[in-house]
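What follows is the residue order along each chain.
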There are 2 protein chains.
Amino acid sequence: MEQRKISRAVISRLPRYYRYLGDLLEAGVERISSSDLSKKMHVTASQIRQDLNNFGGFGQQGYGYNVKYLYTEIGKILGLDRSHNFIIIGAGNLGQALANYASFERSGFILKSLFDVNPRLEGVTIRGIPVRMVDELKDFLKNNDIEIAALTLPKSKAIEVADILVDNGVKGIWNFAHTDLSLPKDVVVENVHLSDTLMKLSYNLCQQDKE
Amino acid sequence: MEQRKISRAVISRLPRYYRYLGDLLEAGVERISSSDLSKKMHVTASQIRQDLNNFGGFGQQGYGYNVKYLYTEIGKILGLDRSHNFIIIGAGNLGQALANYASFERSGFILKSLFDVNPRLEGVTIRGIPVRMVDELKDFLKNNDIEIAALTLPKSKAIEVADILVDNGVKGIWNFAHTDLSLPKDVVVENVHLSDTLMKLSYNLCQQDKE
DNA sequence: TAGATTGTTAATCGATTAACAATC
DNA sequence: TAGATTGTTAATCGATTAACAATC
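The shown structure was predicted, so the numbers you read here are calculated from the model rather than taken from an experiment.

Draft legend 1. Focus on the overall build of chain A. In terms of helices and strands, chain A carries 9 helices and 10 strands. Burial statistics for chain A: of 211 residues in total, 49% are counted as buried. Considering only intrachain contacts with a sequence separation of at least 6, the fraction spanning at least 24 residues in chain A is 53%. Summing over all exposed atoms, chain A offers an accessible surface of approximately 10600 Å²; the carbon and sulfur share of this is 46%. Of the side-chain charges in chain A, 26 are positive and 25 negative, and the distance between the mean point of each set is 5 Å.

Draft legend 2. Focus on the UniProt feature "binding site: NAD(+)" (unreviewed entry) in chain A. The UniProt entry lists G90, A91, G92, N93, L94 and G95 of chain A under the feature "binding site: NAD(+)" (unreviewed entry), expressed in the numbering used here. Secondary-structure assignment places N93 of chain A in helix α5 (residues 93-100). Among all residues touching N93 of chain A, those that are not within four sequence positions of it are N93, Q96, A97 and N100 of chain B. G95 of chain A sits in the buried class, given a relative accessible area of 1%. Dropping the residues within four chain positions of it, G95 of chain A is found in contact with I88, G90, L114 and T152 of chain A.

Draft legend 3. Representation of the protein's contact with DNA strand C in the model. Taken together, 25 residues lie near DNA strand C, and S46 and Q50 of chain A together with S34, R49 and N53 of chain B sit nearest. Sugar plus phosphate: this is where 62% of the atoms of DNA strand C within 4 Å of the protein reside. Take F58 of chain B: an N or O atom from its main chain is 3.3 Å from a phosphate oxygen of DNA strand C. At 2.9 Å, a side-chain N or O of Y65 of chain B approaches a phosphate oxygen of DNA strand C.

Draft legend 4. Local environment of the interface of chain A and chain B. On the side of chain B, 62 residues touch chain A, which itself brings 62 residues to the contact. The contact between chain A and chain B buries some 5400 Å² in all, and 65% of this surface belongs to carbon and sulfur atoms. Where chain A meets chain B, there are 12 salt bridges. Salt-bridge contacts for K155 of chain A lead to D23 of chain B; the nearest nitrogen and oxygen are separated by 3.5 Å. Remark: the boundary between chain A and chain B carries 14 residue pairs in polar contact (both at pLDDT 80 or more). Every element with two or more residues in the side of chain A that touches chain B is listed here: α1 (8-26), α5, β9 (172-175), β10 (188-191) and α9 (194-210) of chain A. Residue contributions to the side of chain A that touches chain B peak at 17 residues, all from α9 of chain A. Looking at side-chain class alone, the side of chain A that touches chain B contains 29 nonpolar, 18 polar and 15 charged residues.

Draft legend 5. Structural context of the sheet that holds strand β3 (residues 64-66) of chain A. Residue and element names in this part refer to chain A. Strand order in the open sheet formed by 3 strands is β1-β3-β2, with antiparallel pairing between adjacent strands. Bordering the open sheet on either side are β1 (31-32) and β2 (59-60), each of which pairs with just one other strand. Of the strand pairs in this sheet, β2 and β3 are connected by 2 bridges, and their pairing is antiparallel. Within β3, the residue paired with G59 across the bridge is Y65. Contacting β1 and β3, helix α4 (residues 67-77) crosses the sheet at an angle of about 70° to β3.

Draft legend 6. Layout of helix α1 (residues 8-26) of chain B. Counted at 1.5 Å a residue, the expected span for α1 of chain B with its 19 residues is 27 Å, and the 28 Å between its end C-alpha atoms agrees. At its buried positions, α1 of chain B is contacted by α9 of chain A together with β1 (31-32), α2 (34-41), α3 (45-53) and α4 (67-77) of chain B. Trailing α1 of chain B by a residue or two, G28 of chain B shows a phi angle of about 80°, which is positive.

Draft legend 7. The sheet that holds strand β3 (residues 64-66) of chain B, seen in detail. Spatially, 3 strands are ordered β1-β3-β2 (chain B) in an open sheet, and the strand pairing comes out antiparallel. Of all the strands in the sheet, the pair left with one neighbour each is β1 and β2 (59-60) of chain B.

Draft legend 8. Fine view of the side chain of H84 of chain A. Inspection of the secondary structure assignment puts H84 of chain A in strand β4 (residues 84-89). At 3.5 Å, the side chain of H84 of chain A and the side chain of S202 of chain B are in polar contact. If we ignore the near neighbours within four places in the chain, the residues touching H84 of chain A are G79, G108, F109, I110, E147 and I148 of chain A together with S202 of chain B.

Draft legend 9. Quick peek at the UniProt feature "domain: CoA-binding" (unreviewed entry) in chain A. Taking the UniProt record as the reference, the feature "domain: CoA-binding" (unreviewed entry) is found at residues 79-180 of chain A. Taken end to end, residues 79-180 of chain A comprises 31% helix and 28% strand; its first and last C-alpha atoms sit 25 Å apart.

Draft legend 10. Spotlight on the nonpolar core. Of all hydrophobic cores here, the largest spans 100 residues; its most connected members are W174 of chain A together with W174 of chain B. Filtering out sequence-adjacent residues up to four positions away, W174 of chain A remains in contact with L98, F104, A149, A150, L151, E190 and V192 of chain A together with L194, T197, L198 and L201 of chain B.

Cut-offs and rules
- Residues numbered from 1 in each chain as written.
- Chains lettered and ligands numbered in written order.
- Predicted model: local features only at pLDDT ≥ 70, side-chain atom pairs only at ≥ 80, totals over all residues.
- Heavy atoms only, no water.
- Helix = DSSP H or I, 4+ residues; strand = E, 2+ residues; numbered from the N terminus.
- Buried < 20%, exposed > 50% of the residue type's maximum accessible area, 1.4 Å probe, protein only.
- Contact = heavy atoms within 4.5 Å.
- Areas by Shrake-Rupley, 256 points an atom, 1.4 Å probe, with all protein chains shown as cover.
- Lys, Arg positive; Asp, Glu negative; His and termini not counted.
- Charge placed at Lys NZ, Arg CZ, Asp CG, Glu CD.
- UniProt positions renumbered as here; feature names shortened; annotations may be inferred.
- Near = heavy atom within 4 Å.
- Polar contact = N/O pair within 3.5 Å; in protein donor to acceptor, adjacent residues only side chain to side chain.
- Buried area = accessible area lost by both parts, 1.4 Å probe.
- Salt bridge = Lys/Arg side-chain N within 4 Å of Asp/Glu carboxyl O.
- Nonpolar A, V, L, I, M, F, W, Y, C, P; charged D, E, K, R; others polar.
- Pairing = 2+ DSSP bridges.
- Axes fitted to C-alpha atoms, helices over the stretch in contact; angles between N-to-C directions.
- Expected span 1.5 Å × (residues − 1).
- Core = buried A, V, L, I, M, F, W, Y, C linked by side-chain atoms within 4.5 Å.

Encoded structure:
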């Protein structure tokens, strides 16, 4: 592949660009310069141009960037132009919160089922999507093409469930469990450790107090 | 203050150290070297020593680090040795998920109330903690010492609510709303944009496909 | 004391910013 | 054409890794 290796820092900025461009698009803005966008986003214009140029020349000298075009292109880079089937393991509060967040659907993430061990949740549906029991998981994966699984369950269960998922073809894990997973390197893991972010907030509050 | 400016990258690694040390502590491990810890965590020993030395010499040559001591010290750095009153604005699924996550309590984060606009939630309690109506928010803040607020509400409401919070003494905002907040610089904002993390996952899946 | 391992300095690597020629 | 703004190279800045003297 001629593709340069894109740094993690660049990738993690793309969703934010995408969000701002979406807002501009909604506001009916047709074009924007890196300089104007940089003021809105509180980053340097240099960084914007440098970031975008990792993927090709999306702009035009003397004009700037076409909002609609750039929005679409970043969407493609992020893989939002195709659909991704996903499931949620753990239908507790957090799992249900994710299941109810219909906006994912608009970005192409299609929720196919939730799973839980709690028999009281058997047969419950959320936005019409059923909660199944974890013992049906393996069968379900064999019969459905599931790309992504969100893990919203206690860390004690997370590791064994992750193994089942990976053994049955799941390629990406959105991990909310409070533990790191070690999985084959062709499996993509995105960790969301909520309590880590609360601790960072707490640290920064303490710093403020010192000033 | 003699305190050097600590980089954001270092801070964001602290909660992970804290988690691993907690696990070691639970497993009854008394001491650990940077080298052993580096193997567990898949980072370099150099980085661990460099990171910790930002805050002082917690180790001992020839011995390593005392797990209990280091755990406690990192806890102090993160401000987990004191308690932080917090509230949740938006008692939907995500707000309730956070409210039910009792582990925060163990780290010193004390949930005092939830707020919502939905009258059907009036009087509902979660783990004994009441949901109040947002129009009582200002009064509540005046009569209670609230340091942190989690924003788990639609972005359309987030900005105005954030202003009320800040005007009434809230110092830290844990922002789950899908928008950036621009607030006075003495207010600490920690953004948790869940959909951004899902997009990163999606990007990395696409990269895998190309290999 | 000898061995182990830190704390810390120096070297490397990578990411951000500045500058400007290319070009719409 | 002149002005604006990109794409891209070069300069700076910061973070990570390597190395080793200090020391328990």
